Amino acid sequence: MKTAVIMERELYGSVIRQNSKTQMFNGNDLLKVCNESRMMKGLGEKQIGNYMVNESTKELVETLCIQENLSEAEV
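Residues numbered from 1 in each chain as written. Predicted model: local features only at pLDDT ≥ 70, side-chain atom pairs only at ≥ 80, totals over all residues. Heavy atoms only, no water.

Asker: What is the right way to read the overall build of the chain from this model?
Answerer: Along the backbone of the chain there are three helices and two strands. Each helix and strand of the chain, placed in order from N terminus to C terminus, yields the pattern β-β-α-α-α. Its C-alpha atoms give the chain a radius of gyration of 14 Å, clearly above 11 Å, the size a compact globule of 75 residues would have. Principal-axis analysis of the C-alpha atoms gives the chain an extent of 45 × 30 × 15 Å. By residue count, 16% of the 75 residues in the chain fall in the buried class. Accessible area of the chain: about 6,200 Å², with a carbon and sulfur share of 53%. For the chain, the separation between the mean place of its 9 positive charges and that of its 11 negative charges on side chains is 4 Å. (Helix = DSSP H or I, 4+ residues; strand = E, 2+ residues; numbered from the N terminus. Rg over C-alpha atoms; globule rule 2.2 N^0.38 Å. Buried < 20%, exposed > 50% of the residue type's maximum accessible area, 1.4 Å probe, protein only. Areas by Shrake-Rupley, 256 points an atom, 1.4 Å probe, with all protein chains shown as cover. Lys, Arg positive; Asp, Glu negative; His and termini not counted. Charge placed at Lys NZ, Arg CZ, Asp CG, Glu CD.)

Structure, rendered in structure tokens:
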């Protein structure tokens with residue numbers, strides 16, 4: 001069995017964590033980078049809770065579940 005390692009990737013000067021076993025990126029880290037960019041442009045922050053109610057997000061999660069054979073909680 002492959003042991004998961006949390007890798008750190010750099011994106012626009014910030015660290016984004018990635019699970020080596022699942023290849024998934026940490027959503028909170030990605031949101032932080034997004035919000036830093038938005039704040040520099042004078043835009044408001046995004047909240048993860050708002051993202052999860054978008055129809056396009058629901059479609060993306062459903063597609064990932066099917067393609068990667070994952071549960072919704074894993075996505």
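Asker: What should I look at first to understand helix α1 (residues 27–40) in this one?
Answerer: In this model α1 runs 20 Å from its N-terminal to its C-terminal C-alpha over 14 residues, within 8% of the 20 Å that 1.5 Å per residue would give. The complete set of buried residues in α1 reads D29, L31, V33 and N35. Those residues of α1 that are buried lie in contact with β1 (6–11), β2 (14–19) and α2 (48–51). Two to three positions downstream of the cap, the backbone nitrogen of N28 sits 2.9 Å from a side-chain oxygen, assigning the N-cap of α1 to N26. A positive phi of about 80 degrees marks G42, the residue just after α1. (Expected span 1.5 Å × (residues − 1). Contact = heavy atoms within 4.5 Å. Polar contact = N/O pair within 3.5 Å; in protein donor to acceptor, adjacent residues only side chain to side chain.)

Asker: Would you mind going over the pattern of salt bridges with me for this structure?
Answerer: Side chains bearing opposite charge may pair, as long as their charged atoms lie close to each other. Throughout the structure, instances matching the rule amount to two salt bridges. E55 is the salt-bridge partner of K58, the closest N and O atoms lying 3.5 Å from each other. Taken together, the residues K58 and E55, both in helix α3 (residues 55–68) and three residues apart, mark about one turn of the helix. You can call K58 partly exposed: its relative accessible area is 42%. We classify E55 as exposed; its relative accessible area is 52%. (Salt bridge = Lys/Arg side-chain N within 4 Å of Asp/Glu carboxyl O.)

Asker: In this structure, what is going on with α3? I would like to understand it.
Answerer: Turn by turn, an α-helix covers 3.6 residues, leaving residues three or four places apart pointing in a common direction. Over its 14 residues, α3 extends 20 Å from the first C-alpha to the last, a length consistent with the 20 Å expected when each residue adds 1.5 Å. The complete set of buried residues in α3 reads T57, V61 and C65. Around the axis of α3, the buried residues are gathered within 75 degrees of arc, so they sit on the same side. Residues E55, S56, E59, E62, I66 and Q67 are exposed on α3 and point more than 90 degrees away from its buried face. Residues of α3 that are buried sit in contact with α2. Among the residues trailing α3, N69 stands out with phi positive, at a value near 55 degrees. (Arc of directions from axis to C-beta.)

Note that every value here comes from positions in space, so none of it alone points to a role or purpose.
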